[in-house]
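# Coordinate analysis (summary)
So the chains spell out like this:
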2 protein chains.
Amino acid sequence: MKKVNVGIIGLGTIGSGVYKILNQRKSKIKKEYHIEIDIKKCCDISEASRKRLKIPKKNFTKDYNDITSSNEIDIVIELIGGTNVAYAISKEALKNKKNLVTANKALLAHKGRELRKLSTANDVSIGYEASVGGGIPIINSIKDSILVNNITSFWGILNGTCNYILTLMSEGIDFSKSLTMAQKEGFAEADPTLDINGKDTAHKVTVLCQTCFNLNLNVNQIYTQGIEDISSYDIEVAKNLGYEIKLLGISRIINKELDARVHPTLISKESPLANVENEFNAILVNSNNLGPFMGYGYGAGMLPTASAIVADIVRVSSSANNQSNLQPEPKLSLKKFENVKSKFYLRIMIKDIPGNLGKVTSILGKYKINIDKVIQNNISNKLKVIPVIILTKSLELKVLNKALSTMTKSKLIQRGSLIIPVEDFA
Amino acid sequence: MKKVNVGIIGLGTIGSGVYKILNQRKSKIKKEYHIEIDIKKCCDISEASRKRLKIPKKNFTKDYNDITSSNEIDIVIELIGGTNVAYAISKEALKNKKNLVTANKALLAHKGRELRKLSTANDVSIGYEASVGGGIPIINSIKDSILVNNITSFWGILNGTCNYILTLMSEGIDFSKSLTMAQKEGFAEADPTLDINGKDTAHKVTVLCQTCFNLNLNVNQIYTQGIEDISSYDIEVAKNLGYEIKLLGISRIINKELDARVHPTLISKESPLANVENEFNAILVNSNNLGPFMGYGYGAGMLPTASAIVADIVRVSSSANNQSNLQPEPKLSLKKFENVKSKFYLRIMIKDIPGNLGKVTSILGKYKINIDKVIQNNISNKLKVIPVIILTKSLELKVLNKALSTMTKSKLIQRGSLIIPVEDFA
């Protein structure tokens, strides 16, 4: 019987869930894995959680050092969020040769390299299954997979809030009402900025790139476009063309360059990602031996996230070997998004004057932009401005931007242009 | 550095793939996991494979006992298929305290209980990730998951041959031509009987029930209906109603009874399983904490299967603990399919005589069968027999069977009836 002592720092929703599930499953883990996991100490700034969870006083502290420096603790569970104190805690834990389990994608996105170096130097592991796709065992599946496989790309619906909003919008509800509904259902935070603007997804792309490619990106260099500018009209038009609009985190290796980005994307209705609705997440990973693999499930929520953390604790406890051996990073530079070739969905607002559409298409022609489809619906509009949708063939974004700039200069189009990449895959 | 010696028995397509991938990834596994895996001995009935793979003579044998009884071997990889010699090999390996890795779902379906008992008695593990959904790490995900979760049900597209054929049929190609095309593409065996009639899926349902519920079913007691009787017409009608037809392996716990079955199924186009096309597999697992989780990927093929086996070898090697500790089986009896309540798609062939459809619906009424929809297309037909499709509300199959039998006795319907359950989920 192996004995493992854990300390939980942060007893919010997730921390409380971990406390409960660990205690619930303790005897099963003991029976089946011969591992006895004890929660030696919990830490929180307030005693309210201690009382609520009926944690004995001797097992509680307000000073995280009582956990990170304790000789008794084998695994530190960091669940306070943020990147300052959480970083201090994680560093201390690893330096003191304790394994670390965390759900903190922002921390990993910003400090992943340092933490991984520390873990290797101290021969301990970092478990972070819960940081991406809460209820989907994607991180550990990837870790197992890269031993037998080279991963070449991934596409992920990584933010439940955005996916829930886009699902409502595809039913005709507008953005702001969808957001309010998401907040009511508990799928969006009071301040949903980081979700809506794609930053949360960019954090997760960074963590996935660390896992898939052993690459530490600067999260701020990842092209990141949120869902704020999508309208129900775009979703409707896309649908009629056979597409769904999803906020995707994308990464792929193209000729020793890494293409990594976050943006709303038109994907074919036939794609396995297209049926991922509501608050669900999914990650599609391509690799040379296994081919495409997709995991689908809840991306967040108390029970899925807490369960993933407990599974990580068991994994870290039962593994004979530290799995965070840092290998040299591959030499891959980040490809600028404007140099990536893609098909695009372009929405422009043109003045409803006969001949204007012809002028627009002739500008596109001047830039050698091939058009797949043009859609112009006569939407009654006081401003006499109508949305025109253009589906392009494959080209570099910078060319499209130049054409758009020419149209603006020619006063053909008004404010409200929108560019969404189109991805054909699987 | 931990040293692990493996012996491969069976050097067919999969065995050769395992030999190659293990050698390719050896140094990576060594670097990252501190495990040195050596292929000590390979066994095959013919020397052709030895020559092809350039295996030194001293590392080759035609007698599997040289592997199962060797003091040098830690893990035996059984890849000969079938249930006779493969069973003898597996038994010997486990008795001699060797871990076993296998892709043999028929063996596990028929002899799983005995093998798991032996592995527990001898404190060794059985790795069988490759036996279900080759390229999908579903078995190990479930094993991790049941530590923190109670699984309540699963739905799986588990046979790539059938899914490929159904995909072609949904494009209007008939069954026999689709089968020929599947054989040409290498997605169907020369003798595809076990795929087409659902037996292969039933084997996998049995293996999944062992993994999810710790339950050893008699595979012959699982209701199993193949895809032979599906026509392109059924798929087209289903599509117009918002459904896809997929061959599913289904299992769920209902009030201390286990509902386990294999049959073509109408599933909503909105379901995450609906977009699983061509030779792909997918398994949707429901559990109390993680919620629904789905894994999607290749179900078979040399590289995915061989990769899954190599991943299993690493998992078995790196785990400090044997994970096949046999717990007492739960007391769950198998629910008879005819007693399971479900909606049904019913296709009957009625004689094209005015009034016959009325007689049919009045028989359904007599049995208190509520109808959701009736579809009768006038298909010109020399025999003056037309297919009528009836979508029922939820009822027990035995009631529907009685109604059908009454229709037959009344000579209202001809041969060619078909019943397909309809599943509403996710």
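Residues numbered from 1 in each chain as written. Chains lettered and ligands numbered in written order. Predicted model: local features only at pLDDT ≥ 70, side-chain atom pairs only at ≥ 80, totals over all residues.

### A closer look at the overall build of chain A
Counting its secondary structure elements, chain A contains 14 helices and 18 strands. For chain A, the C-alpha radius of gyration of 24 Å lies close to 22 Å, the compact-globule estimate for 426 residues. If you line up chain A on its principal axes, its C-alpha atoms span 80 × 45 × 35 Å. Here chain A holds 426 residues, and 52% of them are scored as buried. Contacts in chain A between residues at least 24 apart in sequence constitute 74% of all its contacts with a sequence separation of at least 6. (Helix = DSSP H or I, 4+ residues; strand = E, 2+ residues; numbered from the N terminus. Rg over C-alpha atoms; globule rule 2.2 N^0.38 Å. Buried ≥ 20, exposed ≤ 12 C-beta atoms within 10 Å, placed from the backbone. Contact = placed C-beta atoms within 7 Å.)

### Some words on the relation of the copies chain A and chain B
Its rotation angle being 180 degrees, the transformation that places chain A on chain B also includes 0.0 Å of axial translation and leaves an RMSD of 0.0 Å. What we have between these two chains is a two-fold relation. Both copies share a contact surface, since 100% of the interface residues of chain A are interface residues in chain B too. (Least-squares fit on C-alpha atoms with pLDDT ≥ 70 in both.)

### Section: the packing of helix α5 (residues 105-121) of chain A against helix α10 (residues 199-213) of chain A
Packed helices, taken two at a time, are described by the angle their axes make and the gap between the axes. Residues and elements named next belong to chain A. One can describe the packing of α5 onto α10 by two numbers: an axis separation of 8 Å at closest approach and a directional angle of 60 degrees. Judged on the interaxial angle alone, α10 and α5 are oblique. In this structure, α5 meets α10 at a crossing whose hand is left-handed. Contact with α5, carried on its side by Lys105, Ala106, Leu108, Ala109 and Gly112, involves His203, Lys204, Thr206, Val207 and Gln210 of α10 and no other residues of that element. A per-class count over the contact of α5 with α10 returns 4 nonpolar, 4 polar and 2 charged. (Axes fitted to C-alpha atoms, helices over the stretch in contact; angles between N-to-C directions. Parallel < 35°, antiparallel > 145°, perpendicular 65-115°, else oblique. Left-handed = near helix turned anticlockwise from the far one by under 90°. Nonpolar A, V, L, I, M, F, W, Y, C, P; charged D, E, K, R; others polar.)

### Some details on the sheet that holds strand β3 (residues 60-61) of chain A
All names here are of chain A. On the basis of which strands lie adjacent, the open sheet formed by 6 strands has the order β3-β2-β1-β4-β5-β6 and parallel pairing. Here the strands that pair on one side only, and so sit at the sheet edges, are β3 and β6 (126-127). In the sheet, strand β4 (residues 75-78) pairs with strand β5 (residues 99-102) via 4 bridges, with the strands oriented parallel. Paired with Ile75 across the two strands is Asn99, which belongs to β5. (Pairing = 2+ DSSP bridges.)

### Some points on the environment of Asp123 of chain B
You can see Asp123 of chain B is positioned in the loop between α5 (105-121) and β6 (126-127). Judged by the 13 C-beta atoms lying within 10 Å of it, Asp123 of chain B falls in the partly exposed class.

### A look at the interface of chain A and chain B
Between chain A and chain B, the contact holds 51 residues from the first and 51 residues from the second. Those elements that provide at least two residues to the side of chain A that touches chain B are α1 (13-33), α6 (138-145), β12 (291-298) and α12 (302-318) of chain A. Its residues placed into classes, the side of chain A that touches chain B shows 23 nonpolar, 19 polar and 9 charged. Where β12 of chain A lies against strand β12 (residues 291-298) of chain B, 5 bridges are found, and the strand directions are antiparallel. Counterpart to Phe293 of chain A in the pairing with β12 of chain B is Gly297 of chain B.

### Quick notes on helix α12 (residues 302-318) of chain B
For α12 of chain B, built from 17 residues, the straight-helix expectation of 24 Å at 1.5 Å per residue is met to within 8% by its first-to-last C-alpha distance of 24 Å. A large share of α12 of chain B lies buried, amounting to 16 of its 17 residues. (Expected span 1.5 Å × (residues − 1).)

### Points about helix α11 (residues 232-240) of chain B
All names here are of chain B. Those residues of α11 that fall on the buried side of the exposure criterion are Asp234, Ile235, Val237 and Ala238. One side of α11 carries all its buried residues, which in axial view fall inside an arc of 165 degrees. Following α11 by one or two positions, Gly242 has its phi on the positive side, about 95 degrees. (Arc of directions from axis to C-beta.)

### Details of the domain arrangement of chain A
Splitting chain A by domain gives domain 1 (2-131), domain 2 (138-299) and domain 3 (338-423). Summarising the inter-unit geometry, the C-alpha centres of domain 1 of chain A and domain 3 of chain A are found 52 Å apart. (Domains from an automatic or database assignment.)

### A few points about the pairing of strand β1 (residues 2-9) of chain B
Residue and element names in this part refer to chain B. Bridge count between β1 and strand β2 (residues 35-43): 8 bridges; the pairing is parallel. Its bridge partner lying in β2, Ile9 is registered against Cys43. After leaving β1, the chain enters helix α1 (residues 13-33) and then returns to the sheet as β2, a path that is right-handed. As defined by bridge partners, β1 adjoins strand β4 (residues 75-78) across 4 bridges and the pair is classed as parallel. Within the sheet, the bridge partner assigned to Ile9 lies in β4 and is Glu78. (Right-handed = clockwise from strand over helix to strand, strands pointing away.)

### Some remarks on the environment of Asp229 of chain A
All names here are of chain A. Secondary-structure assignment places Asp229 in the loop between β8 (223-224) and α11 (232-240). Judged by local crowding, Asp229 falls into the partly exposed class, with 15 C-beta atoms found within 10 Å. Once the C-alpha coordinates of Asp229 and Glu129 are considered, the two residues, 100 residues apart in sequence, prove to be 31 Å apart.

### Structural notes on the sheet that holds strand β3 (residues 60-61) of chain B
Across a sheet, paired strands are connected by hydrogen bonds in the backbone, their directions being either parallel or antiparallel. All names here are of chain B. Strand order in the open sheet formed by 6 strands is β3-β2-β1-β4-β5-β6, with parallel pairing between adjacent strands. Every interior strand has two partners, whereas the edge strands, β3 and β6, have only one. Relative to the sheet, α1 contacts β1, β2 and β4, its axis offset from that of β2 by approximately 160 degrees.

### Quick notes on the pairing of strand β11 (residues 280-287) of chain B
All names here are of chain B. Here β11 lies mainly inside the structure; 8 of its 8 residues are buried. Alternating positions in β11 separate into two faces, Phe280, Ala282, Leu284 and Asn286 on one and Asn281, Ile283, Val285 and Ser287 on the other, with burial throughout. Note: strand β7 (residues 151-157) against β11, 6 bridges, orientation antiparallel. Across the sheet, residue Ile151 finds its bridge partner in β11, namely Ser287. Count of turn residues in the β11/β12 antiparallel hairpin: 3 residues.

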